[in-house]
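Listed below, chain by chain, are the residues.
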Amino acid sequence: MTHTPSSFLRTLCFTLLAAIVLSLPLHATAQEAAPADAPAATATTQAKPAEKPLTDSEKKEAIDAADAITTFDPAKQVGYAKPWQMYYQPASSPVMKQVEPLHDAVLYIITAIVLLVLGLLIYICLKFNKRANPKPQTFTHNKTIEIIWTVVPILILVGIAIPSLRIHYKAYNNETIISNPDLTIKVVGHQWYWSYEYPEQGIAFDSNLTADKDLRQDEPRLLSVDNAVVVPVNKVVRVQLTAADVMHAWALPAFGVKKGAIPGRLNETWFKAEKEGIYYGQCSILCGKQHGFMPIKIIVVNDEQFAAWVKGAKLKFASNDALQFAALTH
């Protein structure tokens, strides 16, 4: 059987026509399915109404509200060092509330050991001096005493190490808490001031020491700053730390927090403030000639005040270019 050119063309045309006819139902089905998805996409778009831009008066009102929250009030000071203070600042975090009993227990143990050794020295001096004991004993060691003074210190150290390691793990290495924070703050140490960022809120600012001439009445000297950190109460705050030049250390005694800010390294810690108020800390490592001029000020507020501060802080620091780029000029 042979095929002529005309028969081959007829076969080819018939095949193409059949393919077009068979594909029409599939194309129609696809077109029918498309409108079903379109309303869903439209509904998703409509679920996010465009934010109405704030007027100048509304912006000023928001910034004033944020400034009012950070305005110094002596009655709100909770965590700060008082003149002639002999003990810790009031504990305001779960970690610090566990550190205090451990500190007290270790202090009692140390005191007992010092008194015991002092008593033994006094007893030996009185009992075995040349006049009271002219004929000394001839033995050089006692096996029972040697076992006691070897085993007892080991037991004491183990008794201190177990609760100490437990608190250390909870305070600095608890990945469960650090990985699920309510708020994250980035801290960068500079010579000699701190920079703070709220990545999720889009806020960034520098915090410098308040000069003596700008201090308000009863505002603590060398502890006050121009821009304080604001955090909500009873929320887990993750703190990520690093430094831009030399090593610093970010320390808040009332929260039991002390973590190194090291160039080229990102450290993490956390705290949970359990009481509203103003808390102070300082750089706790010798970082340079103005090491003592790097205070830390944290204001703990309720959720409504924190939301109001975030709203105003976004506008305040976004409109202050000189402040945002202060790090480049120091």
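Above: the structure in question.
For every chain, the first residue of its written sequence is number 1, and the numbers climb from 1 along that sequence. Only residues with pLDDT of at least 70 are given local features in this predicted model, and only at 80 or more are side-chain atom pairs given and counted; all residues enter the totals for whole chains, interfaces and linings. Each side-chain value is worked out from all heavy atoms of the structure, with water and hydrogens disregarded.

1. Considering the pairing of strand β5 (residues 229–232)
Regular strands show a simple pattern: their side chains alternate between the two faces of the sheet.
Consideration 1: Note on exposure labels: buried denotes an accessible area under 20% of the residue type's maximum, exposed denotes more than 50%, and partly exposed covers the range between, all computed with a 1.4 Å probe on protein chains only. Working definition: helices are DSSP H or I runs of at least four residues, strands are E runs of at least two. Numbering for both runs from the N terminus. Here β5 shows a buried face lined by V229 and V231 and a second buried face lined by V230 and P232.
Consideration 2: Pairing between strands is defined by DSSP: at least two bridges between the two strands are required. The pairing of β5 with strand β11 (residues 295–301) spans four bridges and is classified as parallel. Within β11, the residue paired with P232 across the bridge is V301.

2. Quick word on a nonpolar patch on the surface
Consideration 1: What goes into a patch is any residue over 30% in relative accessible area without a salt bridge, connected to like charges within 9 Å or, for nonpolar side chains (Val, Leu, Ile, Met, Phe, Trp, Tyr), within 5 Å. Values of accessible area rely on a 1.4 Å probe in the Shrake-Rupley scheme; residue burial ignores everything except the protein chains shown. Between Lys or Arg on one side and Asp or Glu on the other, a salt bridge is scored when a side-chain nitrogen of the former is within 4 Å of a carboxyl oxygen of the latter. Taken together, the side chains of L116, L120, Y123, I124 and F128 define a hydrophobic patch exposed on the protein surface, amounting to about 520 Å² of accessible area.
Consideration 2: One can find L116 in helix α3 (residues 94–127).
Consideration 3: Taking relative accessible area as the criterion, L116 reaches 54% and is therefore assigned exposed.

3. Remarks on the packing of aromatic side chains
Consideration 1: Centres within 6.5 Å make a pair out of two Phe, Tyr or Trp rings, where for Trp the six-membered ring is used; the pair is then stacked when the planes are under 30 degrees apart, edge-to-face when over 60, and tilted otherwise. Overall, the coordinates contain 12 aromatic pairs when judged by the stated rule.
Consideration 2: Considering the side-chain rings of F205 and F317, the 4.8 Å spacing of their centres and the 20° angle between planes classify their relative orientation as stacked. With F205 in strand β4 (residues 203–207) and F317 in helix α6 (residues 303–318), the pair connects residues that are 112 residues apart, well separated along the chain. For the pair formed by F205 and F317, the shared burial category is buried.
Consideration 3: What links up through ring pairs into an aromatic cluster is the set Y196, Y198, F205, F306, W309 and F317.

4. Describing unusual backbone geometry
Consideration 1: Here the residue pair Q191 and W192 is connected by a cis peptide bond, since its omega of 0° sits within 30 degrees of zero.
Consideration 2: In the Ramachandran plot, L222 falls in the positive-phi region, its phi being about 65° despite a non-glycine side chain.
Consideration 3: Mapped onto the fold, L222 is located in the loop between β4 and β5.
Consideration 4: The exposure class assigned to L222 is partly exposed, which follows from its relative accessible area of 24%.
Consideration 5: Residue N234 is not a glycine yet carries a positive backbone phi of 60°.
Consideration 6: Along the chain, N234 falls in the loop between β5 and β6 (236–243).
Consideration 7: Owing to a relative accessible area of 43%, N234 belongs among the partly exposed residues under this scheme.

5. Overview of the environment of V78
Consideration 1: Locating V78 in the fold gives a position in strand β1 (residues 77–79).
Consideration 2: Using a relative accessible area of 15% as the deciding quantity, one classes V78 as buried.
Consideration 3: As a C-alpha pair, V78 and K275 span 197 residues in sequence and 8.6 Å in three-dimensional space.

6. Side note on the nonpolar core
Among soluble globular proteins, nonpolar side chains are generally buried collectively.
Consideration 1: For our purposes a nonpolar core is just a set of buried Ala, Val, Leu, Ile, Met, Phe, Trp, Tyr and Cys residues, chained together by side-chain atoms within 4.5 Å. Grouped together as the largest cluster of nonpolar side chains are 49 residues, with contacts concentrated most on Y198, W250, F255, I298 and W309.
Consideration 2: Leaving out residues up to four positions away in the same chain, I298 has contacts with V229, V231, W250, L252, F255, F271, G277, I278 and Y279.
Consideration 3: V95, A171, V236 and W270 belong to the second-largest nonpolar core, a separate cluster that totals five residues. A contact between two residues is defined here by any heavy atoms of the two lying within 4.5 Å.

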